Amino acid sequence: MSYRIAQDFEYVGKDYWRWWAWIEGDREELDMVDEVAWILHPSFRRPRVVTKQRSDNFRLQTSGWGTFLLRAEVVLVTGEKRLLKHNLRLEYPESSEPDPPPRSTVSAPVPRPLTAFLSYGARDSRLAAQLRDGFENVGLTILDQTRVVAGEPWSEVLQRMIAQSDAVVGLVSEDDISPWVSEEIQAAVALGKPALVLAAAGVSTAGLPSDVRPLQVDMNQLDPTTIADLLHSLKQD
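Quick summary incoming for the structure in this document. Everything numeric in this text was worked out from a predicted model, so none of it was measured. (Residues numbered from 1 in each chain as written. Predicted model: local features only at pLDDT ≥ 70, side-chain atom pairs only at ≥ 80, totals over all residues. Heavy atoms only, no water.)

## With respect to the sheet that holds strand β3 (residues 33-39)
The four strands lie next to each other as β4-β3-β6-β7, forming an open sheet whose pairing is antiparallel. At either margin of the open sheet sits one strand with a lone partner, and together these are β4 (48-51) and β7 (81-87). Recorded for the sheet is a direction-independent mean angle of 20° between the axes of neighbouring strands. Alignment of β3 against strand β6 (residues 69-76), held across six bridges, turns out to be antiparallel. Bridge pairing in β6 links V36 to V74. (Pairing = 2+ DSSP bridges. Helix = DSSP H or I, 4+ residues; strand = E, 2+ residues; numbered from the N terminus. Axes fitted to C-alpha atoms, helices over the stretch in contact; angles between N-to-C directions.)

Structure (structure tokens):
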């Protein structure tokens, strides 16, 4: 059987999209489907949505601001299950501005500065401020909890920052990784973002996803330039 996920989207502005997905397959194959359980990113209010509507190919319709690995559990009338996966695609509309006039010479495009989300617990706030300043001095754009405006939904804003980042850096100076840092690192991995955890010597990084790169460092001698170079290499991998 050749079930697959198809999707489309509509940009509504301010880094937000409406999007929808459905199951494609031969008519006879779709008639064999009893229900489809859509499995979304855990940041959604309803991360699991079940539909039985064969008439619209078990369509899912929702909205959001970031891409992730969308999954669909297809349950057949026989009880058999098929798990489908699809990297959600969301794109900005093409610019409506006219093309610039031709030039006699063509300059190389200027690369966009790398944007990193800095994740840290309350006990590491002072160290994070120093690292943030160092990153910005070497050309990185840093997003973190200091950008959350009073009254904004904390978790939603942080999730949006992670989705907008090119990479995520976790900071753990003592003891084990805080639940907040662990949650933000896992959100980064779910969104396919390269993640690096800077941990002081002796700090356990057990429990981190296998895609995360842990790095034991001397917290008194952090080198923002070296770390920034490592982030660029992770992004290119």
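Next comes the rest of the description.
## Thoughts on helix α3 (residues 154-164)
All of the buried residues in α3 are V157, L158, Q159, M161, I162 and A163. At its buried positions, α3 is contacted by β8 (115-120), β9 (141-143), β10 (167-172) and α4 (179-190). (Buried < 20%, exposed > 50% of the residue type's maximum accessible area, 1.4 Å probe, protein only. Contact = heavy atoms within 4.5 Å.)

## What about the pattern of salt bridges?
If the charged atoms of two oppositely charged side chains come close together, the side chains can form a pair. On inspection of all chains with the given rule, the structure shows ten salt bridges. With its nearest N and O atoms 2.8 Å apart, the salt bridge here joins E80 to R82. The class for E80 is partly exposed, based on a relative accessible area of 38%. With its nearest N and O atoms 2.5 Å apart, the salt bridge here joins R132 to D144. Of this pair, R132 sits in helix α2 (residues 125-137) while D144 sits in the loop between β9 and α3; the two residues are twelve residues apart in sequence, bridging distant segments of the chain. No difference in accessibility class separates R132 from D144, as the two residues are buried. Each member of the salt-bridge network shares a partner with another, and the members are D34, E35 and K52. (Salt bridge = Lys/Arg side-chain N within 4 Å of Asp/Glu carboxyl O.)

These values are about where atoms sit, not about what they do.
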